Amino acid sequence: MATATASSPVRDTGIGALLRHRAVGKLLLLAVAAAVVVPILNAKWASGAWPDALTVDLTEPLGKTTDWIIDNRDSHWLFTYFFGHISNAIVLSVRGVYLVLLAAGWAGVTAAAGLIAWRVAGVKLAVMAAASFAVCGLLGMWVPTMQTLALMIVAVLASVVLGLLLGLAGGLNDRIFRILRPVLDTMQVLPAYAYLLPFALVFGMGVPAAIIATVVYAAPPMARLTALGLRGADGGVMEAVSSLGATARQRLFSARLPLALKQLMLGVNQTIMMALSMAVIASVIGAGGLGDRVYQALSTVDVGQALAGGIPIVLLAVVLDRVTGAAGERMGAHVEDDSPLRGWRGWSIAAAVTVVAALAARFADRVDWPTGWVVNIAPSVNTAKDWMVDHLYTDVPVVGGTADWAAHFTTWVLNPVRDGLQGLPWWSVLLIVAALAWLIGTWQTALTAVAAMGAIGVLGVWNKSLDTLSQVLAGVAVTLVLGFAIGVAASRSARLERLLRPVLDVFQTMPQFVYLIPVVALFGIGRAPAVAAAVVYALPAVVRITTQGLRQVDAAAMESSRSLGATSWQQLRQVQLPLARPALLLALNQGVVLVLAVVVIGGLVGGGALGYDVVFGIAQGDLATGLVAGAAIVCLGLMLDRVTQPTERRAKKGA
Amino acid sequence: MRVRTRVTSAVTAVGALLALSGCGAADMTKQASPYANAAGAKTVTLSVQSWVGAQADVAVAEYLLKNELGYRVDKVQIDEVPAWDALSQGRVDAIMEDWGHPEQEQRYVKDKKTIVPGGDVGVTGHIGWYVPTYFAKKHPDVTNWKNLNKYADQFRTSESGDKGQLMDGSPSYVTNDKALVQNLGLDYEVVFAGSEAAQITQIEQFAKKQKPFLTYWYKPQWLFEKVPMTEVKLPEYKEGCDADPAKIKCAYPHTPLQKYFNADFAKNGGEAAKFLKNFTWSEADQNEVSLMIADKKMSPDDAAKAWIDKNPSKWKAWLPK
């Protein structure tokens, strides 16, 4: 997850006053503009809803595109000589990796995982890695885990290579860097569901489309961090290298890249995490592996079985995160390793042990994970879930049941916000967006935000988007309240923070499909469970950023306030929170981005609106509905980003 | 120098990949799963639809393919329409239960001939509106659509606002419900559960509290065994009454469910193809297996085995001679 890097702003009453003055000026200007434009608009299209005259219907062209692809896929050169080769290469690579993993057997793979972790990250992580793979086997998920691993290895390699190339171009050339940024933004905000179908049509159902969709989603952090690392190279070192007469290429390979190594490692780490989060989504188009197990369990409403498929994903994510994280830190630290096992010697021992383990299993005829060593967790998980639901659903004394909360939340919060937004005349929504974005940023940000909202109207999904917007706003509000509260508590107690860490890890990496059923069981179908799912997903990042931000508050400021006799509460309110403002703003921004990322998942539990349209698009092979809804989600994301991100752009999701 | 060797090796690698994939034209009609035929096994890839009935078909077919005919079975869950696309490209070999997709049939079976019909499953599907039987017993007249408006306020939820809630399910299902509500002048709001799993969970929660509800649902379905439901009569279905989706005013048809095979698999699939073609069983058989999977939470494999042990005469007839 992203970390807060911006320093706290210096408060100056003079500038503050001027800013306030400016704000009034901006608003006045906007009011004048509105006074001129609104009557004209109103005279032309009197109703409050987005005027039909200003929409473009994409159903026919997109439907024709689908037909064209399907009819020409087997014969057109574009497919037979280009896309076809890409997808064949992907299938071959995945198959190659999968066969190697199968040949190594469970013993070989587990040994290799442990030993690689040992070489790059130390003994503790080695044990953790080996144990995690063993758990995947114990859960009866060995083969699907290997399928997912094969998918991930190929997807991550492709993402890293693509990210590196893009990042190199962006890091060395300012123009490319500027063009690249919005492209990367879109790649990440566009819900993967929306482009699964077009990719599946072009590259073929299943693995090829899944890998390409994963690369689209996972390459941006690598590209961003590579560019960032290259641009951040120390000027002094660069000058020294040039003065030695190095060519541009030598400068790049001997100075810039090595200096950016730590960032590159972070990029790899982020790419792996993003790729894993696509493992389940990709199963919707038949990619197989663990995601498919989770997805199939969902259809029999079997939470236990879904969890059995979800745990290996979490374990893979945590292990890969820790190992690549540790590797990155070691690279940055440049520690002298003088143990007898350093360098090639350690690696060759690791390789030898792996081969021995794989061969031993082969001779013992135990290549596959032994069926006797499987623990079926599903029944007990389901019993626990049923107990929880039975006791929390309704009629709990005093506090009421979860179903009652959900109903109240829908009636008192979601309905009024949605109806309010949909009831506003369309031009006034644009005005509000313009005002908010302009107050917080420049006229360019305001223009982008308004254009994004306008695009939503033109696409013909105005009302649905406002419905989605109301859910996002409610979700963000709940996330922030909970996130700030937990973050404040965690920042004050190191023990709580330690306890929270694994919980947050699990929430962040657990595929959302796993908790869909419990969420519906507790909150019923509708928009309330959709919001609940979004909160579960977005909360960890908000808690983390808040905790970190509060922790980083200058110790001297804290000390001096305490010496002045401030109570703990006063300290928090008057010193910590104001000083941590940039971090809190980043938390807000992340909250928005992450909640928006779950809109589609919300569609699966009755959230309706844009999320449902995206799911509908893929289920019915309807490119128009799915893509338009996906584009509208991107526009909403763009608008919310501009409205919540003050002037200077900060690190975004994953970078 | 090192850079150049690296670039060269990268180019060679890409070249090798292209060579491996057959340098010339890539054949987009062949898209086998990368996991198929691993370790020398013969593999059949079956598409599993998201409802349990289809899972029961696949579970029994899988068990017999594995244990009687020696195949390895790869299952993939894909939504119905994309599954047709996957079938035409050979990403899956067979769809075991299709509820009728005229557009896809026209395109792939009649025009492109990449898919061939595989015969009846033996089960007839029917979509309809249902209320729980406990509610229908108390209010018998709710089972006719003409009286639905009378009960609208009882079916109200926070999602449907001041109208009654008609719960619809997964976006992949065939539904005319929005049009029906409008054209029949019903005081209802269609609320989409978004997935079958969400819909089942909600129905079970309602049933636990004996609450009234109105839902889109279909037969055969295992949930009827757990939550008995009674169908609400809609205006009778007549051939062609659903031709114009906007003007629809009639019930859903009864559909004999079909199997479909990839054309290449049907021709060259050997015993597996013959076996799947012979596969046909009754609604009761399917429900028995479905219920074991979905309600008793048995693994599909165990559920299939239980049914197979009990009904040898039925499945022995499917084996190729």
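The name that an unreviewed UniProt entry assigns to chain B is Substrate-binding region of ABC-type glycine betaine transport system, with the source organism given as Streptomyces formicae.

The name an unreviewed UniProt entry assigns to chain A is Glycine betaine ABC transport system, permease protein OpuAB, from the organism Streptomyces formicae.

**Q** Hey, could you run me through the interface of chain A and chain B in this one?
**A** When the parts of a complex come together, some accessible area is lost, and that lost area is often taken as the interface size. Listed as interface residues are 77 residues of chain A and, on the opposing side, 67 residues of chain B. Buried area between chain A and chain B, both sides added, is near 5800 Å², and the carbon and sulfur share of it is 56%. Inspection of the chain A/chain B interface yields 2 salt bridges. Where chain A touches chain B, the interface holds 10 residue pairs in polar contact (both at pLDDT 80 or more).

**Q** Looking at this structure, how should I read the domain arrangement of chain B?
**A** All names here are of chain B. Assigned domains within chain B: domain 1 (43-123 + 256-317) and domain 2 (125-254). Taken over C-alpha atoms, the centre of domain 1 sits 28 Å from the centre of domain 2. Domain 1 puts 16 residues into the contact, and the matching count from domain 2 is 14 residues. Summing both partners gives a buried area of about 1300 Å² for domain 1 against domain 2, and 63% of it is carried by carbon and sulfur. When the buried surface of domain 1 facing domain 2 is broken down by residue, Trp99, Asn287 and Leu291 rank first, second and third, together holding 35% of it. On inspection of domain 1 and its partner domain 2, the count reaches 0 salt bridges. Taken together, the links from domain 1 to domain 2 amount to 0 residue pairs in polar contact (both at pLDDT 80 or more). Taken together, the elements giving at least two residues each to the side of domain 1 that touches domain 2 come down to β9 (254-262) and α12 (283-294). When residues of the side of domain 1 that touches domain 2 are assigned to their parent elements, the largest contribution, 6 residues, is made by α12. A per-class count over the side of domain 1 that touches domain 2 returns 8 nonpolar, 4 polar and 4 charged.

**Q** What exactly am I supposed to notice about the confidence of the model for chain A here?
**A** Caution applies to low-pLDDT parts of the model: their predicted coordinates are not meant to be read in detail. Residues and elements named next belong to chain A. Residue-level pLDDT values for chain A average 82, and 92% of them are 70 or greater. Low pLDDT, under 50, characterises residues 1-12; the stretch is placed with 21 contacts to residues that sit more than four places away or in other chains. pLDDT under 50 marks residues 649-655. Its contacts with residues more than four places away, or in other chains, come to 28 contacts.

**Q** Mind showing me how you'd approach empty space enclosed by the protein here?
**A** Sizing a probe to match a water molecule and rolling it over the atoms shows the empty space that remains. Counted by the stated rule, this structure contains 7 cavities of 30 Å³ or more. One number sums up the size of the largest cavity: a volume of about 210 Å³. Lining of the largest cavity is provided by 19 residues; of these, A:Tyr295, A:Leu604, B:Asp79, B:Ser170 and B:Ser195 occupy positions nearest its centre. Put simply, the parts of the chain that give the lining of the largest cavity at least two residues each are α12 (290-299) and α27 (609-619) of chain A together with α8 (196-208) of chain B. Here the residues of the lining of the largest cavity sort into 11 nonpolar, 6 polar and 2 charged. Taken as a whole, the second largest cavity encloses approximately 120 Å³ of empty space. A:Gln471, A:Ala530, A:Val598, A:Val599 and A:Gly602 are, among the 16 residues lining the second largest cavity, the residues nearest its centre. Every element with two or more residues in the lining of the second largest cavity is listed here: α19 (462-492), α22 (527-551), α26 (599-603) and α27 of chain A.

**Q** Just to check I follow, could you spell out the pairing of strand β1 (residues 43-48) of chain B for this structure?
**A** On any regular strand, side chains alternate: one points to one face of the sheet, the next to the other face. All names here are of chain B. Counting buried positions over the 6 residues of β1 gives 6, a clear majority of the element. Covered by surrounding structure in β1 are Thr43, Thr45 and Ser47 together with Val44, Leu46 and Val48, the residues of both alternating faces. Here 6 bridges tie β1 to strand β2 (residues 72-77), and the two strands are oriented parallel to one another. Bridging from a neighbouring strand, valine 48 pairs with glutamine 77 of β2. This β-α-β element, β1 to helix α2 (residues 52-67) to β2, shows right-handed connectivity. Two elements, β1 and strand β3 (residues 94-98), share 2 bridges in a ladder whose sense is parallel. Looking across to β3, one finds that leucine 46 is bridged to alanine 94.

**Q** Explain unusual backbone geometry to me, please; I cannot follow it from the model alone.
**A** Backbone torsion omega between B:Lys219 and B:Pro220 reads -5 degrees, so that peptide bond is classified as cis. Relative to the helices and strands, B:Pro220 is located in the loop between β7 (214-219) and α9 (223-226). The phi torsion at A:Ala609 lies on the positive side, around 50 degrees, for a residue other than glycine. Looking at the secondary structure, you find A:Ala609 in helix α27.

**Q** I keep staring at the pairing of β9(B) and nothing clicks. Help me out?
**A** Residues and elements named next belong to chain B. Where β3 meets β9, 3 bridges bridge the pair, whose relative direction is antiparallel. Looking at β9, one finds that isoleucine 95 is bridged to tyrosine 260. Sheet analysis places strand β4 (residues 115-132) next to β9, joined by 8 bridges and oriented antiparallel. Paired with isoleucine 115 across the two strands is asparagine 262, which belongs to β9.

About the cut-offs
Residues numbered from 1 in each chain as written. Chains lettered and ligands numbered in written order. Predicted model: local features only at pLDDT ≥ 70, side-chain atom pairs only at ≥ 80, totals over all residues. Heavy atoms only, no water. Contact = heavy atoms within 4.5 Å. Buried area = accessible area lost by both parts, 1.4 Å probe. Salt bridge = Lys/Arg side-chain N within 4 Å of Asp/Glu carboxyl O. Polar contact = N/O pair within 3.5 Å; in protein donor to acceptor, adjacent residues only side chain to side chain. Domains from an automatic or database assignment. Helix = DSSP H or I, 4+ residues; strand = E, 2+ residues; numbered from the N terminus. Nonpolar A, V, L, I, M, F, W, Y, C, P; charged D, E, K, R; others polar. pLDDT = per-residue confidence, 0-100. 1 Å grid on protein atoms, 1.4 Å probe; cavity = no way out; pocket = protein on both sides within 12 Å on 5 of 7 lines; lining within 4 Å. Points joined across faces, edges and corners; volume = space filled by probe spheres on them. Buried < 20%, exposed > 50% of the residue type's maximum accessible area, 1.4 Å probe, protein only. Pairing = 2+ DSSP bridges. Right-handed = clockwise from strand over helix to strand, strands pointing away.

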